[in-house]
Amino acid sequence: ETGVTQTPRHLVMGMTNKKSLKCEQHLGHNAMYWYKQSAKKPLELMFVYSLEERVENNSVPSRFSPECPNSSHLFLHLHTLQPEDSALYLCASSPRDRAYEQYFGPGTRLTVT
Amino acid sequence: AQSVAQPEDQVNVAEGNPLTVKCTYSVSGNPYLFWYVQYPNRGLQFLLKYITGDNLVKGSYGFEAEFNKSQTSFHLKKPSALVSDSALYFCAVRDKYGNKLVFGAGTILRVKS
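Read on for an overview of the structure. (Residues numbered from 1 in each chain as written. Chains lettered and ligands numbered in written order. Predicted model: local features only at pLDDT ≥ 70, side-chain atom pairs only at ≥ 80, totals over all residues. Heavy atoms only, no water.)

A closer look at the pattern of salt bridges
The test is simple: Salt bridges are identified by distance alone: a Lys or Arg side-chain nitrogen within 4 Å of an Asp or Glu carboxyl oxygen. The classification of residues rests on relative accessible area computed with a 1.4 Å probe and restricted to protein chains. Under 20% of the type maximum is buried, over 50% is exposed, and intermediate values are partly exposed.
Throughout the structure, instances matching the rule amount to eight salt bridges over all chains. Where E44(A) meets K41(A), a salt bridge forms, and the shortest distance between an N and an O atom there is 3.5 Å. Using a relative accessible area of 30% as the deciding quantity, one classes E44(A) as partly exposed. For K41(A), a relative accessible area of 42% translates into the label partly exposed. Between D97(A) and R98(A) there is a salt bridge, with its nearest N and O atoms 3.9 Å apart. Judged by its relative accessible area of 62%, D97(A) falls in the exposed class. Look at R98(A) and you get partly exposed, because its relative accessible area is 31%. Overlapping salt bridges, with partners in common, bring together D97(A), R98(A), E101(A) and K49(B) in one network.

What follows is the structure, encoded as structure tokens:
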């Protein structure tokens, strides 16, 4: 459980606010991921970073802005969000050459009011 | 494109009875298949995987899954359910290029005493 940590665990923000989600992994991995989890929908992969370089961006709105300063840290900067962006945001990490061996953090429950 | 389908939104089982959570897949090439579990307010945890070898794969917490190529299925099973098994279960497949996982919508498992 402590391999991948996420802060904050819960966040309530207005549509005009700017906030950031933080993810940190202590597993020595070199790939990190952001997912969005909404009720009764498949997990949506948002961003993939490999060796601190963004390798995938699945048509995510620009109000979500990722940042990966090093292989252990991943941020998701949020601004001018919409109520439909309310969801659980999950971070994961893996070895770069074994993307299927992902370890997940506990998630940040985001509510946009 | 690689995909998995979980046909049941929810499965209800009495404690002590066997359980099955269904997953079917559609892939080009050899499938890499996975099961993850998500307990309330937690991130996803890896349960088991099939890459090659025996069709019956054993994983964590007494779970197993049977790979069936002719039926393109990878159902999760446990001989005797526990109340503590109640959670959200995700089936996943490695994408064609190997750099990400594609998840199903998830199945809620409720085990009642």
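Back to the write-up after that little detour.
Re the interface of chain B and chain A
To keep things clear, this is the line we draw: Only heavy atoms matter for contacts: two residues are in contact if any of them lie within 4.5 Å across the pair. Once two parts are joined, some of their accessible surface, as seen by a 1.4 Å probe, is lost; buried area is that loss totalled over both. The term polar contact refers here to a pair of N or O atoms within 3.5 Å; inside protein, the definition further demands a hydrogen-donor-capable atom paired with an acceptor-capable atom, and it admits residues adjacent in sequence only when both atoms are side-chain atoms. A helix here means a DSSP run of H or I that spans at least four residues, while a strand means a run of E at least two residues long, and both kinds are numbered starting from the N terminus. Side-chain classes are defined by residue name, with Ala, Val, Leu, Ile, Met, Phe, Trp, Tyr, Cys and Pro counting as nonpolar, Asp, Glu, Lys and Arg as charged, and the others, Gly among them, as polar.
The interface is formed by 21 residues belonging to chain B together with 20 residues belonging to chain A. Each partner contributes to the roughly 1,600 Å² buried at the junction of chain B and chain A, and carbon and sulfur atoms together form 55% of this total. When the buried surface of chain B facing chain A is broken down by residue, L44(B), K100(B) and F103(B) rank first, second and third, together holding 28% of it. For the pair chain B and chain A, the number of links is one salt bridge. Put simply, E101(A) and K49(B) hold a salt bridge, and the shortest N to O gap is 3.5 Å. Taken together, the connections running from chain B to chain A amount to three residue pairs in polar contact (both at pLDDT 80 or more). Only β5 (33-38), β6 (44-50), β10 (87-94) and β11 (101-103) of chain B provide two or more residues apiece to the side of chain B that touches chain A. Counted by class, the side of chain B that touches chain A contains 10 nonpolar, seven polar and four charged residues.

Things to note about the state of the cysteines
Residue and element names in this part refer to chain B. For clarity, the cut-off: The criterion for a disulfide is a pair of cysteine sulfur atoms lying within 2.5 Å.
For the structure on display, the rule yields two disulfides over all chains. There is a disulfide in this structure between C23 and C91, and the S-S distance comes to 2.0 Å. In this structure, the disulfide formed by C23 and C91 twists by about -65° around the S-S bond and is classed as left-handed. Taken together, the residues C23 in the loop between β3 (19-21) and β4 (24-26) and C91 in strand β10 connect sequence positions 68 residues apart. Neither residue differs from the other here; C23 and C91 are each classed as buried.

Considerations on the nonpolar core
Rule in force here: Here, nonpolar core refers to any group of buried Ala, Val, Leu, Ile, Met, Phe, Trp, Tyr and Cys residues whose side-chain atoms link them within 4.5 Å.
Among the nonpolar cores identified, the biggest contains 27 residues, and L33(B), W35(B), L47(B), L48(B), F74(B), L76(B) and Y89(B) are the most heavily contacted of them. Only β2 (10-14), β3, β5, β6, β8 (64-68), β9 (73-78), β10 and β12 (107-112) of chain B provide two or more residues apiece to this core. The element that contributes the greatest number of residues to this core is β10(B), accounting for four residues. When neighbours within four sequence positions are excluded, L76(B) is seen to be in contact with L19(B), T20(B), V21(B), W35(B), L47(B), L48(B), F63(B), E64(B), A65(B) and Y89(B). Of all hydrophobic cores here, the second largest spans 22 residues; its members include L21(A), Y49(A), C68(A) and V112(A).

Brief notes about the pairing of strand β2 (residues 10-13) of chain A
Residues and elements named next belong to chain A. Under the convention used in this document: Two strands pair if DSSP finds at least two bridges between them.
The two faces of β2 differ: L11 and M13 on one face are buried, but H10 and V12 on the other face are not. In this structure, β2 lies alongside strand β11 (residues 108-112), joined through four bridges in parallel fashion. The partner of V12 across the bridge, within β11, is T111.

Coordinates in, geometry out; function isn't part of it.
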